[in-house]
Amino acid sequence: MSLRHHLSLPDDRAENTVDIWYLRRRLGVTQFKSTRLKRYLSLLISEKSFPPPLPAMVGHVLRNDVTVTSQWIRNSVEAWLDNFLPPENAAQADQTAMRAAALDMDANAGNLRLIRGGKVA
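The shown structure was predicted, so the numbers you read here are calculated from the model rather than taken from an experiment.

**Describing the nonpolar core**
Piece 1. Ranked by size, the top nonpolar core spans 15 residues in total, and within it Leu23, Leu27, Leu41, Phe50 and Trp72 carry the most contacts.
Piece 2. Mapped by element, the contributors of at least two residues to this core are helix H3 (20-26), helix H4 (34-48) and helix H5 (74-83).

Encoded structure:
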């Protein structure tokens, strides 16, 4: 296989990972500059179970901290974004769903009829 062939292959990392600027857009904090964005992401990781970045090789050491060159696994980020709800919002959503289910059951109960011996009572 020639070097040219290797250079023409798509970069799988581009599809499977995301960078800090992608996260800035997806999290809706486009006004954040790099320093504030790094701090924000670090807090999300430590306090809200946001996925950590992939370890980066700096010299001869692996580093796990958030930098402007950090990369995250796309599927982990998307799963977190799709499933994240603060606990107070999750509880409110559960209560709303229970109320809606109770109203549906009440409405359906009004349509029930008792049958005795094949005749509607």
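**Side note on the pattern of salt bridges**
Piece 1. Counting across every chain of the model gives two salt bridges.
Piece 2. A salt bridge links Arg26 to Glu78; its shortest N-O distance comes to 2.7 Å. Taken together, the residues span a long stretch of sequence, with Arg26 in helix H3 and Glu78 in helix H5 at a distance of 52 residues.
Piece 3. For Glu78, a relative accessible area of 19% gives the class buried.
Piece 4. Put simply, Arg63 and Asp65 hold a salt bridge, and the shortest N to O gap is 2.4 Å.

**Topic: H5**
Piece 1. Along H5, the residues that are buried comprise Val77, Glu78 and Trp80. Buried residues of H5 fall within an arc of 160° about the axis and therefore sit on the same side. Of the exposed residues in H5, the ones pointing more than 90 degrees away from its buried face are Asn75, Asp82 and Asn83.
Piece 2. Close packing links the buried residues of H5 with strand E1 (17-19), H3, H4 and strand E4 (71-73).

What counts, and at which threshold
- Residues numbered from 1 in each chain as written.
- Predicted model: local features only at pLDDT ≥ 70, side-chain atom pairs only at ≥ 80, totals over all residues.
- Heavy atoms only, no water.
- Core = buried A, V, L, I, M, F, W, Y, C linked by side-chain atoms within 4.5 Å.
- Buried < 20%, exposed > 50% of the residue type's maximum accessible area, 1.4 Å probe, protein only.
- Helix = DSSP H or I, 4+ residues; strand = E, 2+ residues; numbered from the N terminus.
- Salt bridge = Lys/Arg side-chain N within 4 Å of Asp/Glu carboxyl O.
- Arc of directions from axis to C-beta.
- Contact = heavy atoms within 4.5 Å.

In short, shape yes, function no, at least from these values alone.
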